[in-house]
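Working through the structure, step by step
Here are the chains, one letter per residue:
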Amino acid sequence: RERAPSSVHATCLELTRAHICLGEVYYYTHRRSLATYASLVGLNLAETVPPSPELASIYANMCYVVGMNKMHGLARHYTKLAQKTIQRIEAPLPCQGWVLLVTGAYKSGTGQWQSSREDLQQAADIFHQLRDRHHWAEALAAIALIDHCQGTFNTALDLWKQTLALGAEVGDRQAQSWGLLGQAEEYLC
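About the criteria used
- Residues numbered from 1 in each chain as written.
- Predicted model: local features only at pLDDT ≥ 70, side-chain atom pairs only at ≥ 80, totals over all residues.
- Heavy atoms only, no water.
- Salt bridge = Lys/Arg side-chain N within 4 Å of Asp/Glu carboxyl O.
- Helix = DSSP H or I, 4+ residues; strand = E, 2+ residues; numbered from the N terminus.
- pLDDT = per-residue confidence, 0-100.
- Buried < 20%, exposed > 50% of the residue type's maximum accessible area, 1.4 Å probe, protein only.

Before going further, it helps to examine the pattern of salt bridges. Counted under the stated rule, the structure contains four salt bridges. Residues Asp-147 and Arg-117 are paired through a salt bridge, measuring 2.2 Å at the closest nitrogen-oxygen approach. With a gap of 30 residues between them, Asp-147 in helix α7 (residues 133-149) and Arg-117 in helix α6 (residues 113-130) connect regions that are remote in the sequence.

On to the confidence of the model for the chain, then. Summarising the model, the chain shows a mean pLDDT of 95, and 97% of its residues fall at 70 or more. Ranking the elements of the chain by mean pLDDT puts helix α1 (residues 6-28) last, at 94, and α6 first, at 98.

In the Ramachandran plot, His-30 falls in the positive-phi region, its phi being about 60 degrees despite a non-glycine side chain. Note on His-30: relative accessible area 73%, which makes it exposed. The backbone of Glu-90 sits at a positive phi, close to 50 degrees, despite the residue not being glycine. Since its relative accessible area comes to 70%, Glu-90 is described here as exposed.

Right under this line is the structure:
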């Protein structure tokens with residue numbers, strides 16, 4: 001297949017990144033159909049250029065999106081595609097962290113506790129290393145949810161406190177609200 005000029009590649013990748021962000025915004029604002037749409041558009045764009053970190057990231061997003069729509073076989077397929085793309089391109093740490101975070105969150109939603117915890121802990125370690133407090137807090141919150149669902153409330157409580165502290169360090173209100181809400185839920189239990 002004929003390759004597009006590099007300026008077209010750059011534009012496709014920039015648009016893919018925008019759709020990754022849109023998908024996240026739509027997810028957090030409970031607009032499932034728009035999250036699905038943003039991910040599909042991003043996927044279509046990313047697949048027109050050579051493999052990239054954006055492609056690995058959008059494959060992870062597709063895993064989550066199709067998983068939300070109860071297409072678990074397809075979700076596992078997208079997880080594998082994301083992992084293969086990371087290996088193929090020697091993806092930078094932020095991409096690796098994102099893929100682990102999103103696919104780990106998907107796995108937790110299907111009760112794959114151990115595999116999910118491993119992915120999410122790796123993501124947390126990567127984001128800690130990168131000093132990306134938002135995504136680090138997001139990974140810790142996802143691990144705390146696993147602990148909560150498994151009835152280890154004190155362990156979850158400690159993670160919620162860490163989530164709140166990370167959010168407070170940088171004024172991340174979303175992470176702060178996760179930490180406060182999570183703590184309240186654990187105290188109720």
